[in-house]
Amino acid sequence: MIHIESAGTIFRKLMGCFWVTYLAKALLLVGALFLFAKMAPSLPPLAVGPFWALLSAAASLGFAYQVVVRKTYKQYALEEGGRLFRLNNGRAFWLIAGFIVSAICAMGIIFEAPKWDGGEWLMVLFSAPLYAGVFAVTKTALKGEMKRPFLTARLIAWSCGAVGVLLCALFAVLVFMQPAATFESADAAFLAAEQPFSQSPSVLLSEAGKLTALVDGLTTYGVAKTAEVSFTGYVIARLIIAASALFGVAGLLGFCSLKGSELRRVFLPLENLGEKDVHRSIVRRYVVLAAALPLCLTALFAAADFKAAEVSRMGEFTMAEKVVRDQVGIAAYLIDGKYYDQLAVEELVGEMKGRSEELFGKLESEVVPLVNASFDARLANVDSYLDWYYSLPADYERLGNLITGSVESYASEQFKAKIEEGVDDSQISGKLEELSGQAKALKSEFETRLADCELSDAPTWLLTAQEMSPTDLFSGPLGPTEKLLEAPERFGVSAAAGMAGGILSKKLVEKVLKKEFFGKIVGRMSSALATRAAGGAAGAAAGSVVPGIGTIAGLAAGTAIGVGADYGMLKLDEAQNRETYKQEIINTIEEQRAEALASLQGDN
């Protein structure tokens, strides 16, 4: 008949197996660390304090066990009943000292665990079976080498050390697989440092988290600078920083491997070597002390957290914030309710100002010569205009226009046609549009890069802000750019206005029409044409004495006399007024040139 054992029996047998018990405790420890790491930033102080106390108590008992075993070894060399014998048998000091050291190490794990990534958690999980393997190998190596009271302690110590070294080696591999972080400044490294407790309900944890982030940031910055010199040095520096937490995990695994009988030795009187079957009772005061220490730590944490919350409400900045501000405080500009890195903004402003001035300088080097060439061409046309003006064909055109239209309109149109002959200002328009497009792109780049300077992740308490208006910000570096953006419109180039040449000629004609000399030209032109028209009519009347032939002869005679008179009057007018008109036209063109250049530069 087959006998089937109950589940309870199987469970008890499994729990009686040393390695099953160890793995259960180790995985429970790793699971508790993982859950705490994920929940710690939101846990209340009443939950954080007890967990810290329990973790410290576990680590301190493992430490105390090693101390007791070492005391047992020393006890053999001391005379029973002596003062040194009694001092060696006590352990209150080591329980307290070990708990304090363990509490510091446990707090380090509490602050580091929330920052671990997937690779580091896999490494910690792997450390549980790794410790079992190292322990088994070490036990085989020490078989028959050490006496029973000291064997387990030596196995645990050596196994913890070996696992710590192996974890460091694995960590070094992870670091080698990742690119080295680079930071321009210590404050940038601080901002990049993880701060999982920044929003913790525990003010004490939040304050300690800020100081830890400061240390991490400064350390990371120093390590990053090391990486610039030597990547191997960078890995070693990272390894030294992580070693304390990794050896702390190894120490906790060592505590998990302690049997209950071995752990009891912490609270028992020291045994004498060679004694067998001697009953020794637990020293209660050690048990009370070991239990009281975690309770005291829990109460102390709660009281410190309450006091920290009280102090934080009293001032503008907490103590931790003041320390961090003194070390890595960030100067900032407050623009439209947003904070920007002052140094980055000033560097950007300096660069953009230089590029803006360089771009604006292209107006002087590329556009101004085109404008001057345009007006020089108009100046060159002044003589050809006057030559045409003082010619008989032009005079008769004016006479015909007197009958069909306005003399002033005709005069302005002919002035424009002759002065603008051969002048092409399309290059001015094209160049202005090109430079305006570059100015627009530069402004857009400035706005984009300014957004990159925003300190969106920086806490406001870290910032020393100076308010600045957007107008002040843009007017400095982009002042020339803004002028360049407005240059086409000021100059009259737009989609509606058309090419620059039309604008220049239009403004020139408008200016000429307002000049006194042009009014005189139109007045003399109208008077002379009216006189000539009357002279032609008188010649025709004189020829009418002889009907038919007399009229024709009279018209011919009048025409001949008129042509001669017209030519004579034109030459007389040219001799008297040409140079005056020429200078007036030249002065008007130069005035328009000055206005155009001033408009181009944004000086009017």
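Residues numbered from 1 in each chain as written. Predicted model: local features only at pLDDT ≥ 70, side-chain atom pairs only at ≥ 80, totals over all residues. Heavy atoms only, no water.

### Quick notes on the overall build of the protein
Secondary structure assignment for the protein yields 22 helices and 3 strands. Every one of the 604 residues in the protein was classed for burial, and the buried ones make up 40%. Contacts spanning at least 24 positions in sequence make up 81% of the contacts within the protein whose residues lie at least 6 apart. Total accessible area on the protein stands at roughly 31,800 Å², and carbon and sulfur atoms take up 62% of it. (Helix = DSSP H or I, 4+ residues; strand = E, 2+ residues; numbered from the N terminus. Buried < 20%, exposed > 50% of the residue type's maximum accessible area, 1.4 Å probe, protein only. Contact = heavy atoms within 4.5 Å. Areas by Shrake-Rupley, 256 points an atom, 1.4 Å probe, with all protein chains shown as cover.)

### A look at the pairing of strand S1 (residues 330-335)
Pairing geometry for S1 and strand S3 (residues 463-467), over 5 bridges, is parallel. For Ala 332, the partnering residue across the bridge sits in S3 and is Ala 465. Here S1 runs beside strand S2 (residues 338-341); their pairing, made up of 4 bridges, is antiparallel. Counted as the bridge partner of Ile 335 is Lys 338 from S2. Hairpin connection between S1 and S2: a loop of 2 residues separates the two successive antiparallel strands, and Asp 336 in this loop has a positive phi of roughly 55°. (Pairing = 2+ DSSP bridges.)

### So, the environment of Lys 483
Along the chain, the position of Lys 483 falls in helix H19 (residues 470-491). Along the backbone, Lys 483 and Ala 439 are 44 residues apart, and their C-alpha atoms lie at a distance of 9.2 Å.

### Quick look at the sheet that holds S3
Read from one edge of the open sheet, 3 strands run S2-S1-S3, paired in mixed fashion. Two strands in the sheet have a free side with no partner beyond their single neighbour: S2 and S3. Ignoring which end each strand starts from, the neighbouring axes of this sheet average 40° apart. The sheet contacts of helix H14 (residues 342-380) involve S1, S2 and S3, and relative to S2 the element is tilted by about 70°. (Axes fitted to C-alpha atoms, helices over the stretch in contact; angles between N-to-C directions.)

### Some words on the confidence of the model for the protein
With 80% of its residues at a pLDDT of 70 or more, the protein has an overall mean of 78. Taken as a whole, residues 10-15 scores under 50 in pLDDT and shows 6 contacts with residues more than four places along the chain or in a different chain. Throughout residues 495-499 the model reports pLDDT below 50, and contacts reaching past four residues in sequence, or to other chains, amount to 6 contacts. (pLDDT = per-residue confidence, 0-100.)

### Regarding unusual backbone geometry
Positive phi values are uncommon outside glycine, yet Asp 336 reaches one of about 55°. Mapped onto the secondary structure, Asp 336 falls in the loop between S1 and S2.

### Brief notes about the pattern of salt bridges
The full count for this structure, using the stated rule, is 18 salt bridges. Close ionic contact of Glu 351 with Arg 355 constitutes a salt bridge, the shortest N to O distance being 3.4 Å. Of the two residues, Glu 351 and Arg 355 both sit in helix H14, 4 residues apart, roughly one turn of that helix. Owing to a relative accessible area of 32%, Glu 351 belongs among the partly exposed residues under this scheme. Linking Lys 431 and Glu 366 is a salt bridge whose minimum nitrogen-to-oxygen distance equals 3.1 Å. Highlighted residues: Lys 431 in helix H18 (residues 426-452) and Glu 366 in helix H14, separated in sequence by 65 residues. By relative accessible area, which is 28% here, Glu 366 ends up partly exposed. Linked by salt bridges that have partners in common, Asp 383, Asp 387, Lys 571, Glu 574, Arg 578 and Lys 582 make up one network. (Salt bridge = Lys/Arg side-chain N within 4 Å of Asp/Glu carboxyl O.)

### Some points on the packing of aromatic side chains
Any pair of aromatic rings gets described here by the distance separating the centres and the angle formed by the planes. Scanning the model with the defined rule gives 16 aromatic pairs in all. Consider the rings of Tyr 131 and Phe 135, whose centres lie 6.0 Å apart with planes at 35°: the pair is tilted. Of the two residues, Tyr 131 and Phe 135 are both situated in helix H6 (residues 118-141); the distance of 4 residues between them amounts to about one turn of the helix. Both rings, one in Tyr 385 and one in Tyr 389, keep their centres 6.3 Å apart while their planes meet at 35°; by these two values the pair is tilted. Residue Tyr 385 and its partner Tyr 389 are both found in helix H15 (residues 382-389); the two are separated by 4 residues, about one turn of the helix. (Phe/Tyr/Trp six-rings, centres within 6.5 Å; stacked < 30°, edge-to-face > 60°.)

### Focus: H15
Turning to H15, its buried residues are Val 382, Tyr 385, Leu 386, Trp 388 and Tyr 389. Mapping the buried residues of H15 onto a view down its axis gives an arc of 160°, with all of them on the same face. (Arc of directions from axis to C-beta.)

### Let's talk about the nonpolar core
The biggest cluster of nonpolar side chains holds 71 residues, and the ones touching the most others in it are Tyr 22, Trp 52, Leu 55, Ile 110 and Tyr 131. At the level of secondary structure, the elements contributing two or more residues to this core comprise helix H2 (18-39), helix H3 (45-75), helix H5 (92-112), H6, helix H7 (148-177), helix H10 (231-256) and helix H12 (284-312). Sort the elements by how many residues they give to this core and H3 lands first, with 11 residues. Setting aside chain neighbours within four positions, we find Trp 52 in contact with Ala 103, Ala 106, Met 107, Ile 110, Leu 297 and Phe 301. Formed by 47 residues, the second largest nonpolar core is a distinct cluster that contains Val 345, Val 367, Tyr 385 and Phe 474. (Core = buried A, V, L, I, M, F, W, Y, C linked by side-chain atoms within 4.5 Å.)

### Examining the packing of H3 against H5
Where H3 contacts H5, the two axes come as close as 7 Å, and the packing angle between them is 135°. Classified by the angle between their axes, H3 and H5 sit oblique to one another. Between H3 and H5 lies a crossing whose hand is right-handed. Along the contact surface, H3 presents Phe 51, Trp 52, Ala 53, Leu 55, Ser 56, Ala 57, Ala 59, Ser 60, Phe 63, Ala 64, Val 67 and Lys 71, while H5 presents Trp 94, Leu 95, Gly 98, Phe 99, Ser 102, Ala 103, Ala 106, Met 107 and Ile 110. Residues that form the contact of H3 with H5 fall into these classes: 16 nonpolar, 4 polar and 1 charged. (Parallel < 35°, antiparallel > 145°, perpendicular 65-115°, else oblique. Left-handed = near helix turned anticlockwise from the far one by under 90°. Nonpolar A, V, L, I, M, F, W, Y, C, P; charged D, E, K, R; others polar.)

### Some details on a nonpolar patch on the surface
Residues Leu 23, Leu 27, Leu 122 and Leu 125 make up a contiguous nonpolar surface patch of roughly 350 Å² in combined accessible area. Only H2 and H6 provide two or more residues apiece to the nonpolar patch. Within the element layout of this structure, Leu 125 appears in helix H6. (Patch = residues over 30% accessible without salt bridge, like charges linked within 9 Å, V, L, I, M, F, W, Y side chains within 5 Å.)

### Examining the environment of Val 249
Looking at the secondary structure, you find Val 249 in helix H10. Beyond its immediate sequence surroundings of up to four residues, Val 249 is in contact with Ile 109, Trp 116, Val 124 and Ser 127.

### Quick notes on the packing of H14 against H18
Put simply, H14 and H18 touch, their axes get as near as 10 Å, and they point 175° apart. Comparing their axes, H18 and H14 come out roughly antiparallel. In the contact of H14 with H18, the residues fall into 16 nonpolar, 4 polar and 7 charged.

### What about the state of the cysteines?
Under the definition given, this model contains 0 disulfides. This cysteine, Cys 256, is not joined by any disulfide, and Cys 160 carries the nearest cysteine sulfur, 9.8 Å off. (Disulfide = S-S within 2.5 Å.)

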